[in-house]
Amino acid sequence: MKSPRTALAALAVGIVAVLALSSCASGPATGTNSADATINVGSVYEPQNLDNTGGGGQGVTEALNGNVYEGLFRLSDSGDVTPLLAREYSVSPDGLTYTVTLQNNVTFHSGATLTSADVKSSIERVTAADSQSSRKSSLAVIAGIETPDANTVVVTLATKSISFVYNLSYVWIVNALATDLKTTEDGTGPYELGTWKRGSSLSLTRFDSYWGTAAKNKDVVFNYYTDATALNNALLTNAIDVITSSQSPDALAQFADNPDFVINDGNSTTKLLLAFNDKQAPFDNVAVRQAVTEAIDNKKLLNSIWGDYGTLTGSMVPPTDPWYEDLTSVHPYDQVTAKQKLADAGFPDGFTFTLDTPNYDPHPAAAEFIKSELAQVGITVNINVITPDEWYTKVYKNHDFAATLQEHVNDRDVVFYGNPDFYWGYDNAKVSALIKEAEQSDTTDQQTAKLTAANDIIVADAASDWLYLYPQIVVASTSISGYPLNGLNSQFYVYDIVKS
Amino acid sequence: MAVYLLRRLVFLLVSLLLASAVLFALLRLLPGDPANALLSVGATAEQIEAARQSIGSDLPLGQQFVAWLGHIFTLDLGTSFISGVPVGPDIASRLVVTIPLTLISFVLAVLIAVPVGYVAARRSHRWYGMTLSGVSQFGLAVPIFWIGILLISFFALTLRALPAGGFPRQDWADPLDAIRSLTLPVITITIVMTASITRYVRSATLDVLGSDYLRTARSLGASFRQAMWHHGLRNASVPVVAILGIELATTFLGAVVVESVFALPGLGNMLLTGIAQHDYPVIQGVLLVSTFLVLIVGFIADVVQRLIDPRLRGNMTGQRAAVVR
């Protein structure tokens, strides 16, 4: 009869041990002086590496852009572009020559001084043959870079480019002599890299010799989670102070009812698209695309995935782009008209197509919704679930698809419709011309007018079905303030965050 | 025994080589090219080609395999396609989490399951014997992540007594902190493991209790305790040791679920990310190291079994004698 007692005793010892451990629970480190505080950021986007021209992914932009690395210009959280490492700049009357004067006394984290040679090599890293930057094509317009003195950079363009300064805000200025940029850094930002513990966290420490205004906190740790529940639990238990971009709408309720947390509904640039292959039957037919667009209740879809969050735009253009207009009324949800249009286009009994669906949220759920909506107008959808890299090969590279679902994260990306070779194959000479002219505008008003006109045509043609614009939700503890709300292009400036 | 050990070691190496070939072949059967994972929307055909060249996925398969084998022999598991970081040290930093997690759970589970299983068998007709048996059955049926979620919700979210997840940035520099982080994950695994091991201990004990030799020993005047101590335990432990080896290996490989629930930067987490990114060096490295550890566990279990059971040693010489004859 000793054994059951032994087992019970063992169990008791175990429980006592747990309780003993609990009693030495230490709360999160809260500095009395907020300038010495450590800010814990939670995110699902761990960088793949630390090089934004080497496939670092959106995680590296989130953690390092503006914090560790700076550009000649900065894209603010509200979407404005202002000089940063560029003290001033001028443009020649023909719009082809940009002369940039650098800030004085800027040092890299390694101690080296910023010179025009670093700027030249940094731009060339983005445009290099092996660069994996998604911004590479937008800088292809550069014809030459001169460095007349250590503080001046002169960039010559092949054609006028009104977005040039904006595009430069994506170019990190890196020490020309730096190596191993996938695992180390040498930028000019207010923080230097602490340690990157892969699979877990990445820390930033305030750089004492920073040329500008010092960061308002001492350390920032980006904590990475693969499981959304684990991420939410971390915030609930104060292990982190802020979630950069909540991807779990169901979990928001637990924060909404809690006075210790605040849910910020910011502006996002991420759109969910039902992209048609505009070069292939039946989607080469404008009427068919319009019918499909009108047969799907986007509002219901958005609501089923995001509840009360997110917006409908009716186009590729998010409200933060200067050429935004609400185009939801162009192809309103109306299955009767949709059926009529299908009949007129020669498909009175509908048709069948395959929908290539990336295997991660929210695509599979959206695909099921679209399938049931289109069934009501006689269209049969076969859902083909594929992995992200199958998507790249099959859809993006080989254009071997009828229709697909995909999220597009960048701002100002309506210009992709001006490229007939892009994966969706939308080919409208007038749109291509307008987009090209817009880029060569003299003023932003001109550019805005041209792109607005182009977007109107793209939407009238139902080039794709822009299902909805994601919400950008930052959930934070009420003990911190000063964090960015919009996360444009996944950036997340941390230097103004203050902990009380 | 020395010959046996040597032979077993050779077998270990051959298994490892075979496993590496199978791993390599299976991974290449996956659709898609790893280069694609490196690029974002907007990539040109030239960019994709450049990426393929940079990671060597444009080379013939044979060439890729030979290069990889060469690296293994020099204990170099390669460099991640994606992060540009050497895979070996990265794996080592993950093992700092996964090995303690697995081993502590295992030791706790054995310490609890052996007495509990024994009692469940010895008193199989009493109410507490039946209860223990029933509870262990229940423990087997409950999904491990659910146990983890329950523990988090109670100890972390309600009581705020333990962390809901994560692991200290300084690893084991502050051992108490590390142990606090591992407490709930360890309990989670221990519960499931205990349930399973209890079942085996119980059935092994039941076999022994009904055996002829135990009855014979008692008829020769040994007390139950003496008979059990001298004959029963040893016999019962042979199948249990075999099972323990398998349990340990399964737990090591299955830790991925618990690591995900508790946001632990372990080996499973590394494997999942590697698979999602088609990062072949990472996937191969993690699977190779896991295979190696599992084979080692099997090796130890085999050796322990031979030490416990003289019949296994006898069999071997007997077979050889028969061949000679």
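Going by what an unreviewed UniProt entry lists, chain B is known as Peptide/nickel transport system permease protein and is assigned to Alpinimonas psychrophila. Database annotation for chain B, UniProt heading Sequence similarities (unreviewed entry): "Belongs to the binding-protein-dependent transport system permease family." UniProt's Subcellular location (unreviewed entry) comment on chain B is quoted here verbatim: "Cell membrane".

By the naming in an unreviewed UniProt entry, chain A is Peptide/nickel transport system substrate-binding protein, taken from Alpinimonas psychrophila.

Let us look at the sheet that holds strand β16 (residues 403–408) of chain A. All names here are of chain A. In space, the 5 strands of this open sheet follow the order β15-β14-β16-β13-β17, with mixed pairing throughout. Bordering the open sheet on either side are β15 (380–386) and β17 (464–469), each of which pairs with just one other strand. For this sheet, the mean angle separating the axes of adjacent strands, direction not counted, is 25 degrees. Pairing geometry for strand β13 (residues 271–276) and β16, over 6 bridges, is antiparallel. By the bridge assignment, A275 is partnered in β16 with T404. Packing against the sheet, helix α10 (residues 363–375) makes contact with β13, β14 (352–358), β15, β16 and β17, and its axis sits at approximately 165 degrees to β14. Together, β14, β15 and β16 form the strand contacts of helix α11 (residues 388–397), whose direction differs from that of β15 by roughly 120 degrees.

The UniProt record marks residues 95–301 of chain B with the feature "domain: ABC transmembrane type-1" (unreviewed entry), using the residue numbering of this structure. Secondary structure content for residues 95–301 of chain B is 83% helix and 0% strand, while the C-alpha to C-alpha distance between its ends is 21 Å.

Residue and element names in this part refer to chain A. Mapped onto the elements, L469 comes out in strand β17. Taking the relative accessible area as the measure of exposure, L469 reaches 2% and is therefore buried. Linking L469 and G71, residues 398 residues apart in sequence, is a C-alpha distance of 28 Å. The residues contacting L469, other than those within four sequence positions of it, are S268, T269, T270, K271, G310, T311, T313, P318 and P319.

Residues and elements named next belong to chain A. For helix α9 (residues 335–344), the complete set of buried residues consists of Q335, A338 and L342. One side of α9 holds all its buried residues, which, seen down the axis, span an arc of 50 degrees. Away from the buried face of α9 by more than 90 degrees, exposed residues V336 and D344 are located. Its buried side turned inward, α9 meets α7 (286–295) and α10.

Take the UniProt feature "transmembrane region" (unreviewed entry) in chain B next. Mapped onto the present numbering, the UniProt feature "transmembrane region" (unreviewed entry) falls at residues 95–119, 140–162, 182–201, 238–262 and 282–304 of chain B. Measuring from the first to the last C-alpha atom of residues 95–119 of chain B gives 35 Å, for a span that is 100% helix and 0% strand.

In the structure shown here, the tally under the stated rule is 16 salt bridges over all chains. Notably, a salt bridge pairs A:R125 with A:D51, separated by 2.9 Å at the nearest N-O pair. Of the two residues, A:R125 sits in helix α3 (residues 116–127) while A:D51 sits in the loop between β1 (38–43) and α2 (58–64), which places them 74 residues apart along the sequence. Overall, A:R125 belongs to the partly exposed group, its relative accessible area being 21%. By relative accessible area, which is 10% here, A:D51 ends up buried. A salt bridge links A:K197 to B:D171; the shortest N-O distance between them is 3.0 Å. With A:K197 in strand β8 (residues 191–197) and B:D171 in the loop between α7 (144–158) and α8 (175–209), this pair bridges two chains. One salt-bridge network, held together by shared partners, links A:R198, B:D90 and B:R94.

A few words now on the packing of aromatic side chains. Enumeration according to the criterion identifies 31 aromatic pairs over all chains in this entry. Seen in terms of ring centroids, A:F276 and A:F283 are 4.8 Å apart; in terms of plane orientation they differ by 25 degrees. Their pairing is stacked. By relative accessible area, A:F276 is classed as buried at 0%. Look at B:W127 and B:Y128: their rings are 5.4 Å apart centre to centre, the planes differ by 90 degrees, and that puts the pair in the edge-to-face class.

Moving on, we come to the domain arrangement of chain B. Residues and elements named next belong to chain B. When the domains of chain B are assigned, the result is domain 1 (2–73) and domain 2 (87–324). On the domain 2 side, the residues contacting the 22 residues of domain 1 number 18 residues. Inspection of the region where domain 1 meets domain 2 yields 1 salt bridge. As a salt-bridge pair, D302 and R8 come within 2.8 Å of each other at their nearest N and O atoms. The tally of links from domain 1 across to domain 2 stands at 1 residue pair in polar contact (both at pLDDT 80 or more). The set of elements that each furnish at least two residues to the side of domain 1 that touches domain 2 consists of α1 (2–28), α2 (34–37) and α4 (61–73). Among the elements that take part in the side of domain 1 that touches domain 2, α1 stands out by supplying 14 residues, more than any other. Of the residues belonging to the side of domain 1 that touches domain 2, the class tally is 15 nonpolar, 3 polar and 4 charged.

This paragraph deals with the domain arrangement of chain A. Residue and element names in this part refer to chain A. Entries for chain A in the domain assignment read domain 1 (36–44 + 189–267 + 472–499), domain 2 (69–168) and domain 3 (271–469). Between the C-alpha centres of domain 1 and domain 2 the distance comes to 29 Å. Counting each side, the surface lost to burial between domain 1 and domain 2 is near 1300 Å², with a carbon and sulfur contribution of 47%. At the junction of domain 1 with domain 2, the criterion picks out 9 residue pairs in polar contact (both at pLDDT 80 or more). Tallied by class, the residues present in the side of domain 1 that touches domain 2 amount to 10 nonpolar, 6 polar and 1 charged.

Residues and elements named next belong to chain A. Over its 17 residues, helix α13 (residues 444–460) extends 24 Å from the first C-alpha to the last, a length consistent with the 24 Å expected when each residue adds 1.5 Å. All buried positions along α13 are accounted for by Q447, T448, L451, T452, A454, N455, I457, I458 and V459. Its buried side turned inward, α13 meets α12 (429–439) and β17.

What follows covers the pairing of β1(A). Residues and elements named next belong to chain A. With 5 of its 6 residues buried, β1 lies for the most part within the structure. Two elements, β1 and strand β10 (residues 219–224), share 6 bridges in a ladder whose sense is parallel. Note that in β10 the partner of I39 across the bridge is V220.

Residue and element names in this part refer to chain A. Here E185 lies in the loop between α4 (164–168) and β8. In this structure, the C-alpha to C-alpha distance between E185 and L50, residues 135 residues apart in sequence, is 7.4 Å. With residues up to four places along the chain from it excluded, the contact list for E185 reads V68, Y69, H109, E192 and L193. Within polar-contact distance, the side chain of E185 engages the backbone nitrogen of L193 at 2.9 Å.

Analysis parameters
Residues numbered from 1 in each chain as written. Chains lettered and ligands numbered in written order. Predicted model: local features only at pLDDT ≥ 70, side-chain atom pairs only at ≥ 80, totals over all residues. Heavy atoms only, no water. UniProt positions renumbered as here; feature names shortened; annotations may be inferred. Pairing = 2+ DSSP bridges. Helix = DSSP H or I, 4+ residues; strand = E, 2+ residues; numbered from the N terminus. Axes fitted to C-alpha atoms, helices over the stretch in contact; angles between N-to-C directions. Contact = heavy atoms within 4.5 Å. Buried < 20%, exposed > 50% of the residue type's maximum accessible area, 1.4 Å probe, protein only. Arc of directions from axis to C-beta. Salt bridge = Lys/Arg side-chain N within 4 Å of Asp/Glu carboxyl O. Phe/Tyr/Trp six-rings, centres within 6.5 Å; stacked < 30°, edge-to-face > 60°. Domains from an automatic or database assignment. Polar contact = N/O pair within 3.5 Å; in protein donor to acceptor, adjacent residues only side chain to side chain. Nonpolar A, V, L, I, M, F, W, Y, C, P; charged D, E, K, R; others polar. Buried area = accessible area lost by both parts, 1.4 Å probe. Expected span 1.5 Å × (residues − 1).

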